[in-house]
Amino acid sequence: MAEETPQQPLFTCLSCSIAFLSAEDQRIHYRSDHHRYNMKRRVASLPPVSVATFNEKVIQRRTETAIMSSPKGSSCETCGKTYTTEGAYRSHINSKKHKENEVKAASRPKVDLVDPTDPETQGQPNGETVAPAAASSPPASPKPSPPFSSSKDVSTLVDADASDDEITQTIDEKIAAARSKLSPSN
């Protein structure tokens, strides 16, 4: 007769190489950032990372972000919004809504209070500032999306010695390629 172990894992996550004792534990894992990260690595043909390694990377990234961001956080003058993380700020800057607000702001005449310490506003009547050359030129057309018309354009493998930034870039390229295939314009 075969020996039975009392607590044999019945549920697994193949992407993370983890076994679970209950379906609820498995469901909780599937919603975790660790699982999402390993899914992205799997798309890039990379091996999964352990929970401990993932947590170290998260802590490292948070300290890098904390160093980069100012104590006040980042704010968008155009939209009047403040962001506590650099990632949220960057995402906002790249958003369609922000770009639309920039175009609207560029078309409006800019009137500010005169700041005697600001050399740009000194000598300007009524506190009007001189618009920079970039703001006075017509707004640039939106950048075309990368030409990912076929999966041949995107490499499916990442070097084993690739940095995290290179891995993230490869993942982003693959996601963009997949989205371009799904978009109705193709």
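About the cut-offs
Residues numbered from 1 in each chain as written. Predicted model: local features only at pLDDT ≥ 70, side-chain atom pairs only at ≥ 80, totals over all residues. Heavy atoms only, no water. UniProt positions renumbered as here; feature names shortened; annotations may be inferred. Helix = DSSP H or I, 4+ residues; strand = E, 2+ residues; numbered from the N terminus. Buried < 20%, exposed > 50% of the residue type's maximum accessible area, 1.4 Å probe, protein only. Areas by Shrake-Rupley, 256 points an atom, 1.4 Å probe, with all protein chains shown as cover. pLDDT = per-residue confidence, 0-100. Contact = heavy atoms within 4.5 Å. Phe/Tyr/Trp six-rings, centres within 6.5 Å; stacked < 30°, edge-to-face > 60°.

An unreviewed UniProt entry annotates the protein as C2H2-type domain-containing protein originating from Serpula lacrymans var. lacrymans. Recorded in UniProt under Sequence similarities (unreviewed entry), the annotation for the protein is "Belongs to the REI1 family."

Engineer: Talk me through the overall build of the protein; I want residue IDs and the actual numbers.
Structural biologist: Across its full length, the protein holds seven helices and four strands. Along its sequence from the N terminus, the protein presents helices and strands in the succession β-β-α-α-α-β-β-α-α-α-α. Relative to its 186 residues, the protein shows a buried fraction of 20%. In the form shown here, the protein has an accessible surface area of approximately 14,500 Å², with 55% of it arising from carbon and sulfur atoms.

Engineer: Could you give me a rundown of the confidence of the model for the protein, with the residues and numbers involved?
Structural biologist: Of the residues in the protein, 62% have a pLDDT of 70 or more, and the chain-wide mean is 73. Low confidence marks residues 124–153, where pLDDT is under 50. Its contacts with residues over four positions away, or in another chain, come to 25 contacts.

Engineer: Describe the packing of aromatic side chains, with residues and values.
Structural biologist: Each pair of aromatic rings is reported with the distance of its centres and the angle of its planes. Per the counting criterion, the structure on display carries two aromatic pairs. Summarising the aromatic geometry, the rings of Y37 and F54 are spaced 5.4 Å apart at their centres and angled 45° between planes, so their arrangement reads as tilted. Taken together, the residues Y37 in helix α2 (residues 33–43) and F54 in helix α3 (residues 51–68) connect sequence positions 17 residues apart. Looking at Y37, the relative accessible area reads 22%, which means it is partly exposed. By relative accessible area, F54 is classed as buried at 10%.

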